Amino acid sequence: MGLVFKADSELRKDAKRIKEIIENKVDYINSLTAEEIQQLAQKQFPELLQKKEKEVQEEADFIREIIEEHNRTGRFDGKVHTRFPPEPNGWLHIGHAYSINRNYNFAFEYRGKFNLRFDDTNPLTEEEEFVESIIKDVLWLGVDYEDRLLFASDYFDQLYEYAVQLVRKGLAYVDDSSVEEIREMRGTITEHGQESPYRNRPIEENLDLFERMKNGEFKNGEKVLRAKIDMSHPNMLMRDPIIYRILHASHHRTGDKWCIYPMYDWAHGLEDSIEGITHSNCTLEFEVHRPLYDWYIDQLEDEEGNPIHHSQQTEFAKMNLSYMVLSKRNMRMLVEGGYVNGWDDPRMLTIAGMRRRGYTPEAIRNFSLAINFTKREKLIDMSILEHYIREDLDKRCPRVMSVLNPLKLVITNYPEDKEEVFSVPNHPSDKSMGTREVKFTRNLFIEKEDFMEDPPDDYYRLSPGKEVRLKYAYFIKYEDTIKDEITGEIKEIHCTYDSETKGGESPDGRKVQGTIHWLSADNALKVEVRQYDRLYTKENPMDTEEGKEFKDYLNPDSINIIESYVEPFLKEKESGSRSQFERNGYYVIDIEDSSKENLVFNRIITLRDSWGKK
RNA sequence: AGUCCCAUGGUGUAGCCUGGAAACACUCCGGACUUUGAAUCCGGUACCGGGAGUUCAAAUCUCCCUGGGACUACCA
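Residues numbered from 1 in each chain as written. Chains lettered and ligands numbered in written order. Predicted model: local features only at pLDDT ≥ 70, side-chain atom pairs only at ≥ 80, totals over all residues. Heavy atoms only, no water.

1. What to know about the overall build of chain A
Consideration 1: Within chain A one finds 15 helices and 27 strands.
Consideration 2: For chain A, whose C-alpha radius of gyration is 34 Å, the value lies well above the compact-globule estimate of 25 Å for 614 residues.
Consideration 3: Within chain A, counting contacts between residues at least 6 apart in sequence, those at least 24 apart form 71% of the total.
Consideration 4: When the accessible area of chain A is evaluated, it comes to approximately 32,200 Å², of which 48% is carbon and sulfur surface.
Consideration 5: The distance from the centre of the 87 positive side-chain charges to the centre of the 117 negative ones in chain A is 4 Å. (Helix = DSSP H or I, 4+ residues; strand = E, 2+ residues; numbered from the N terminus. Rg over C-alpha atoms; globule rule 2.2 N^0.38 Å. Contact = heavy atoms within 4.5 Å. Areas by Shrake-Rupley, 256 points an atom, 1.4 Å probe, with all protein chains shown as cover. Lys, Arg positive; Asp, Glu negative; His and termini not counted. Charge placed at Lys NZ, Arg CZ, Asp CG, Glu CD.)

2. Some points on the packing of aromatic side chains
Consideration 1: Evaluated as defined, the whole model comprises 30 aromatic pairs.
Consideration 2: For the ring pair Phe106 and Phe373, a centre distance of 6.0 Å and an interplane angle of 40° mean the geometry is tilted. One end of the pair, Phe106, is in helix 5 (residues 94-109); the other, Phe373, is in the loop between helix 14 (361-370) and strand 11 (378-380), with 267 residues separating them in the sequence. Considered together, Phe106 and Phe373 belong to a single accessibility category, that of buried residues.
Consideration 3: The aromatic ring of Phe218 is capped on one face by Lys223, whose charged end is 4.3 Å from the ring centroid.
Consideration 4: Stacked on the ring of Trp140, the Lys or Arg Arg355 has its end atom at 5.7 Å from the ring centre. (Phe/Tyr/Trp six-rings, centres within 6.5 Å; stacked < 30°, edge-to-face > 60°. Buried < 20%, exposed > 50% of the residue type's maximum accessible area, 1.4 Å probe, protein only. Lys NZ or Arg CZ within 6 Å of the ring centre and 35° of its normal.)

3. Some words on the pattern of salt bridges
Consideration 1: Considering all chains together, one arrives at 50 salt bridges under this definition.
Consideration 2: A salt bridge links Asp590 to Arg356; the nearest nitrogen and oxygen atoms lie 3.0 Å apart. You can see Asp590 sitting in the loop between strand 26 (585-589) and strand 27 (600-605) and its partner Arg356 sitting in helix 13 (residues 351-357), a full 234 residues away along the chain.
Consideration 3: Take Arg356: its relative accessible area is 8%, and that puts it in the buried class.
Consideration 4: As a salt-bridge pair, Glu549 and Lys551 come within 3.7 Å of each other at their nearest N and O atoms.
Consideration 5: Judged by relative accessible area, Lys551 falls into the partly exposed class, the value being 32%.
Consideration 6: Through salt bridges with shared partners, one network takes in Asp344, Arg356, Glu528, Arg530, Asp590 and Asp593. (Salt bridge = Lys/Arg side-chain N within 4 Å of Asp/Glu carboxyl O.)

4. Remarks on the sheet that holds strand 24 (residues 559-566)
Consideration 1: In spatial order, the strands read 12-25-26-27-23-24-13; together these seven strands make up an open sheet with mixed pairing. Each edge of the open sheet carries a strand with a single partner, namely strand 12 (399-400) and strand 13 (402-403).
Consideration 2: By the bridge criterion, eight bridges tie strand 23 (residues 525-532) to strand 24 in an arrangement that is antiparallel. Its bridge partner lying in strand 24, Lys526 is registered against Tyr565.
Consideration 3: Contacts from helix 15 (residues 382-396) reach strand 12, strand 25 (578-581), strand 26 and strand 27, with the element oriented near 120° to strand 27. (Pairing = 2+ DSSP bridges. Axes fitted to C-alpha atoms, helices over the stretch in contact; angles between N-to-C directions.)

5. A few points about the sheet that holds strand 22 (residues 518-520)
Consideration 1: Ordered in space as 21-18-19-20-14-17-22, the seven strands form an open sheet in which the pairing is mixed. The sheet is open, and its two borders are formed by strand 21 (515-516) and strand 22, each paired with just one other strand.
Consideration 2: Alignment of strand 19 (residues 475-483) against strand 20 (residues 490-498), held across eight bridges, turns out to be antiparallel. The partner of Asp480 across the bridge, within strand 20, is His494.

6. Let's talk about unusual backbone geometry
Consideration 1: In this structure, Glu146 is a non-glycine residue whose phi angle is positive, near 50°.
Consideration 2: Relative to the assigned elements, Glu146 resides in the loop between helix 6 (128-141) and strand 3 (149-151).
Consideration 3: One non-glycine residue with positive phi stands out, namely Asp240, at about 45°.
Consideration 4: A relative accessible area of 1% means that Asp240 is categorised as buried.

7. Describing the environment of Tyr553
Consideration 1: By the secondary structure assignment, Tyr553 is in the loop between strand 23 and strand 24.
Consideration 2: Spatially, the C-alpha atom of Tyr553 lies 37 Å from that of Lys573, the residues being 20 residues apart in sequence.
Consideration 3: When neighbours within four sequence positions are excluded, Tyr553 is seen to be in contact with Leu535, Tyr536, Thr537, Lys538, Pro541, Asp543, Thr544, Glu545 and Lys548.

8. Description of a negative patch on the surface
Consideration 1: Side chains of Glu127, Glu128, Glu129 and Glu132 sit close together on the surface and give a patch of like negative charge.
Consideration 2: As for its placement among the helices and strands, Glu127 is situated in the loop between strand 2 (113-118) and helix 6.
Consideration 3: A relative accessible area of 38% means that Glu127 is categorised as partly exposed. (Patch = residues over 30% accessible without salt bridge, like charges linked within 9 Å, V, L, I, M, F, W, Y side chains within 5 Å.)

9. A word on helix 7 (residues 156-168)
Consideration 1: Here helix 7 spans 18 Å end to end across 13 residues, near enough to the 18 Å set by a 1.5 Å rise per residue.
Consideration 2: Turning to helix 7, its buried residues are Phe156, Leu159, Tyr160, Tyr162, Ala163, Val164, Gln165, Leu166 and Val167.
Consideration 3: Taken from the residues just after helix 7, Gly170 is the one with a positive phi, measuring 75°. (Expected span 1.5 Å × (residues − 1).)

10. Some details on the packing of helix 7 against helix 10 (residues 264-275)
A pair of packed helices can be characterised by two numbers: the angle between their axes and the separation between those axes.
Consideration 1: At a minimum axis distance of 11 Å, the contact between helix 7 and helix 10 shows a crossing angle of 110°. Compared by their axis directions, helix 7 and helix 10 come out roughly perpendicular. With respect to the hand of their crossing, helix 7 and helix 10 are arranged in right-handed fashion. Facing Gln158, Leu159, Tyr162, Ala163 and Leu166 of helix 7, the residues of helix 10 in contact are Trp266, Ala267, Leu270 and Ile274.
Consideration 2: When grouped by side-chain class, the residues that make up the contact of helix 7 with helix 10 number eight nonpolar, one polar and no charged. (Parallel < 35°, antiparallel > 145°, perpendicular 65-115°, else oblique. Left-handed = near helix turned anticlockwise from the far one by under 90°. Nonpolar A, V, L, I, M, F, W, Y, C, P; charged D, E, K, R; others polar.)

11. So, the pairing of strand 20
Every other side chain in a regular strand lies on the same face of the sheet, so the side chains alternate between the two faces.
Consideration 1: With four bridges connecting them, strand 14 (residues 406-411) and strand 20 associate as parallel partners. Residue pairing across strands places Ile411 opposite Cys495, the latter belonging to strand 20.
Consideration 2: If you look at the hairpin formed by strand 19 and strand 20, you'll find six residues sitting between the two strands, and Gly488 has a positive phi there, around 80°.

12. Overview of the pairing of strand 15 (residues 420-425)
Consideration 1: By the alternation rule, side chains of strand 15 split into Glu420, Phe422 and Val424, which are all buried, and Val421, Ser423 and Pro425, of which none is buried.
Consideration 2: Here strand 15 pairs with strand 16 (residues 435-440) via six bridges, running antiparallel. The residue of strand 16 that forms the bridge with Val424 is Arg436.

Have a look at this one:
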């Protein structure tokens with residue numbers, strides 16, 4: 001304020017003149033069109049147009065609101081403890097990554113904890129192999145469960161004790177009915193169920209029978225333990241749900257200790273309770289299970305007779321991606337039908353597949369956090385995922401030259417035995433990535449598609465009569481095309497170079513429209529390149545037309561293996577290392593099939609291409 | 001058919017509780033810049049499922065309708 005006053009008094013005498021000048025300027029500005037203002041700004045004040053550092057926006061989703069509400073009311077004493085509870089019976093995919101990342105992020109943001117817990121309650125379908133692959137995947141994603149690698153099977157004793165408690169309270173009974181009988185008596189969505197004839201067995205008898213179930217006195221399917229709730233409940237799950245079934249099967253962790261195993265609804269909420277989970281987030285199909293989840297927990301008490309910890313279950317919608325199917329069933333068909341090469345095929349959006357494809361955990365995380373938890377079903381456009389992948393790769397990948405589909409180019413006025421070495425930057429904007437040396441010789445390779453005999457007007461690259469820049473090297477001018485006399489196929493292109501343009505700049509200020517990449521034919525390294533593309537050609541392959549199935553929408557060009565050339569130093573890179581092949585895309589050295597003798601690159605993703613699209 | 005859930009540009013989300021000129025990201029279309037037709041930067045097109053009601057004012061509150069989804073495994 002003081003400053004304004006001072007200026008005001010000093011300038012008062014000129015006030016009239018200043019007012020006039022300002023008015024003129026305002027009139028002038030008002031006379032401009034929006035486009036003119038924009039052009040002026042871009043020319044004279046580009047810094048004004050720089051985007052402001054974005055304020056870190058608080059992620060907002062409905063589960064966060066629930067957490068905030070709990071924090072306000074003190075329901076969990078301000079604690080946040082989430083978990084990811086996979087069943088070890090399959091491979092994790094990007095949908096799981098979404099859930100893992102977001103659940104982990106809740107814990108991270110609220111300084112809480114995150115558990116990895118295997119929900120291993122069904123020995124018939126679960127295998128140790130999946131435990132290992134899931135742990136590997138979760139760690140790769142970069143989430144930290146500290147020392148909380150947990151297993152539901154570790155709680156089997158406690159779960160059994162809780163069940164005994166329920167029986168003692170008269171809230172559970174042993175039922176001798178067969179699967180069919182139980183199914184029949186359950187009723188339907190619109191009809192009430194009927195009570196089992198065993199429903200009113202005395203507590204002592206139930207206790208005895210349940211213990212004998214545990215001791216292995218009965219065969220599979222002979223008896224089950226059921227909760228006594230309400231056979232006419234509109235929610236089918238509340239019609240005396242099964243708590244334990246008899247399964248004489250060996251468990252991957254508990255061996256043959258148990259022959260009764262808890263059902264999902266019984267086990268899951270109690271696992272959450274035992275671990276002190278505050279926010280148990282799961283997918284929408286479990287919404288109807290919540291009343292049962294709550295009911296079980298509400299009936300039980302600890303040794304002192306206090307209610308047991310009650311987590312809040314909240315359901316969110318699964319994530320679906322366009323041009324992909326993420327269901328376990330569909331993925332299994334792809335693998336078993338041989339449409340892809342295993343669960344870690346780089347075309348699969350399994351975590352293992354993405355790791356092999358070269359996607360980064362950071363990109364997957366950014367993507368996951370961008371797609372909020374909601375309750376509405378979604379089919380996310382693949383381009384959103386691709387955006388986050390490119391965004392991360394652009395920052396981190398050193399640039400390198402490659403020639404995917406080679407065309408020989410001879411610089412006719414360049415001496416046969418001459419060899420030059422150019423020092424070129426590894427990244428156009430990140431100087432800290434340093435430089436490397438690239439050899440230049442008379443015989444080169446360029447990309448087939450960088451030459452056209454009869455190009456359209458807006459073709460920037462090499463063509464008869466055109467001069468282009470070989471990136472980091474020289475300007476070259478077209479001279480001649482050598483063709484196979486019989487087939488007419490283009491064998492090589494002859495050009496001349498301008499020695500004055502070393503490094504790619506012309507001293508006379510002459511400009512070229514196109515810049516193309518190249519490789520010295522005498523020094524290039526031959527490698528295998530796997531050009532991957534989307535697996536499906538249809539946005540939603542599950543939305544099948546009459547008489548078609550998902551297979552009909554598989555992209556026949558989802559993989560294309562070619563022999564290509566790259567800069568020789570890549571031989572020294574480790575598998576899994578990523579580069580941008582300039583103008584071609586991002587590539588990673590395959591972690592399975594690549595070797596020093598036969599380098600194999602996977603195309604992670606193409607560059608955006610505003611020319612190719614036209 | 002019973003219970004429950006959902007509905008904002010092309011896609012994904014914010015805004016709804018606490019009514020007041022619908023915002024962000026991606027895609028798309030233009031433009032600036034460019035030794036990657038990349039990146040970066042600027043601009044543009046385009047949205048509240050429908051109908052009543054309450055109100056000065058409704059994406060927001062109320063009611064009805066429509067559309068989509070979940071649930072009838074000794075799976076999770």
